[in-house]
Amino acid sequence: MGRLKTLHLITTLPRLSGAADNTRYTANLLDQSRYEVHLAFGAAEPDTSSVAPHVRVIALPSLVRPIAPIRDGRVTWELYRLMQRERYDIVHTHNSKAGVVGRLAARLAGVPIIVHTAHTISFAASTSALVNWLYRITERAIAPFTAQIITVSRLNTTAYLDAGIGTPDRFTTIYSGVETARFLARPDRDACRAELGIAPPEQFVLWIGRLNRQKDPFTFVRGCRLLANEFPSARFALVGEDSVGESLEPEVRALIEDLHLSDTVRLLGYRSDIPRVLAAADLVLHSSLYEGLGRSVIETMLAGVPLVATAVDGVREAVLPGQRGGFLVPPQDPAALADAAARLLRDPELANALSASGRKWAAEHFQVEDMVKRIDHLYRQLWQLKGDRHR
């Protein structure tokens, strides 16, 4: 087998995004002796700073997240022409919009192998029932010409199959890899707390994510109000931004003011030193409405910090309540979030036991090198099958 020319296509490539990190890692780490890798992405604040020099990057201004029929048609045509010109052996799409237009263009261009990674549940991500229905119908239509759909948790596979999308033989679960060594290293906790202004005996409760509807920072802030009543010395912080035009930062700041939390809840913005911030934390709260699996959940577990997360999608595969990682609560329920958090803050022995079991499990399952090896193996397997069919 010679070098396979491979295109990775993702809707957006921002910083602080699990899907974007997954895509960058894959493009960077695929064996250069086996693959020539191209990486294409939409125009919404792309971060290519950590893309390896050998990866060719292609910006697509017409590729946008919202459904936009004229622009969607234009980018499908642009992708079709790109794929015909470059004659890719493999096209691997990521995320909902790129998954639709990219797979359609690849099919029309006669690309031999089409792979898609579903980083979340595409047909449950919108506030619009119509948009969710459109994605469900579209996913059903394009699944038959997708050689494999990679999900980031087994529960995501179940959700797609239950929605009538694809057949079991077209799905493969590959956990989204993390640079585990960065989070297992255990930075100096006291130094990290001092840098953030956390003084004994203050307890530090953290939230990490993009400041958008999916991550639901409002439930975290409302939970902080309840926790502050019982733990007056506790300090809280949100880490993150949203660089693709959906930021809820003004609304979050307004809620903090309305709940009289300005002295106890801080917005730290984007941080490149997440392992150090986690080292300072006593607890992490994760309030997402939906997830593929939840990258910050895995990073928290690797760092050995207990957490309370919402019982959504693949998060339920990572956190086993009271056994591994911490506790799960319903989404959009600040009282449940605060109650579970209070239980862990009151019982450090339980918190330590849960975080230790979570750390061990995450370290065994989320090595980024293992993810790329599995993707490489899948590509070679599909290429072998393609060759066998044409003999």
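Above this note sits the structure.
This text gives an overview of the structure that appears in the document. (Residues numbered from 1 in each chain as written. Predicted model: local features only at pLDDT ≥ 70, side-chain atom pairs only at ≥ 80, totals over all residues. Heavy atoms only, no water.)

Quick word on the overall build of the protein
Per the secondary structure count, the protein includes 15 helices and 13 strands. A globule of 391 residues ought to have a C-alpha radius of gyration of about 21 Å, and the protein, at 21 Å, matches this closely. Residue burial in the protein is summarised as follows: out of 391 residues, 57% are buried. Summed over all atoms, the accessible surface of the protein reaches about 16300 Å², with 51% contributed by carbon and sulfur. Both charge centroids of the protein, one from 46 positive and one from 42 negative side chains, sit 7 Å from each other. (Helix = DSSP H or I, 4+ residues; strand = E, 2+ residues; numbered from the N terminus. Rg over C-alpha atoms; globule rule 2.2 N^0.38 Å. Buried < 20%, exposed > 50% of the residue type's maximum accessible area, 1.4 Å probe, protein only. Areas by Shrake-Rupley, 256 points an atom, 1.4 Å probe, with all protein chains shown as cover. Lys, Arg positive; Asp, Glu negative; His and termini not counted. Charge placed at Lys NZ, Arg CZ, Asp CG, Glu CD.)

Describing the sheet that holds strand E10 (residues 265-269)
Strands sit in the order E10-E9-E8-E11-E12-E13 across an open sheet of six strands; the sheet is parallel. Two strands lie at the open edges of the sheet, namely E10 and strand E13 (326-329), each paired on one side alone. Each adjacent strand pair in this sheet contributes to an overall mean axis angle of 20°, direction not counted. Of the strand pairs in this sheet, strand E11 (residues 283-286) and strand E12 (residues 307-310) are connected by three bridges, and their pairing is parallel. Across the sheet, residue Val-284 finds its bridge partner in E12, namely Leu-307. Against the sheet, helix H9 (residues 249-258) makes contact with strand E9 (235-239) and E10, and its axis sits at roughly 160° relative to E10, the strand it touches most. (Pairing = 2+ DSSP bridges. Axes fitted to C-alpha atoms, helices over the stretch in contact; angles between N-to-C directions. Contact = heavy atoms within 4.5 Å.)

Quick notes on the packing of aromatic side chains
Under the criterion given, the structure shown has eight aromatic pairs. Considering the side-chain rings of Tyr-35 and Tyr-379, the 5.6 Å spacing of their centres and the 65° angle between planes classify their relative orientation as edge-to-face. Placement of the pair is Tyr-35 in strand E2 (residues 35-42) and Tyr-379 in helix H15 (residues 368-389), with a sequence separation of 344 residues. Judged by its relative accessible area of 1%, Tyr-35 falls in the buried class. Since its relative accessible area comes to 0%, Tyr-379 is described here as buried. With centroids separated by 6.1 Å and ring planes inclined at 70°, the aromatic side chains of Tyr-175 and Trp-361 adopt a geometry described as edge-to-face. Note that Tyr-175 is positioned in the loop between strand E7 (171-173) and helix H6 (180-184) and Trp-361 in helix H14 (residues 348-365), a separation of 186 residues in sequence. (Phe/Tyr/Trp six-rings, centres within 6.5 Å; stacked < 30°, edge-to-face > 60°.)

Quick look at the sheet that holds strand E3 (residues 56-60)
The strands that make up a sheet are held in pairs by hydrogen bonds between backbone atoms, and each pair lies either parallel or antiparallel. Strand order in the open sheet made by the seven strands is E3-E2-E1-E4-E5-E6-E7, with parallel pairing throughout. Taken across any chain shown, the strands that pair with only one partner, and hence form the sheet edges, are E3 and E7. On average, each strand axis in the sheet is inclined to that of its neighbour by 20°, with strand direction left out of account. Relative to E2, strand E1 (residues 4-10) is paired through seven bridges, and the arrangement is parallel. The residue of E2 that forms the bridge with Leu-4 is Tyr-35. Most of the contacts of helix H3 (residues 96-109) go to strand E4 (residues 90-94), to which it runs at about 160°, and overall it touches E1, E4, strand E5 (113-118) and strand E6 (148-151). This element, helix H5 (residues 154-162), spans E5, E6 and E7 of the sheet and lies at about 160° to E7.

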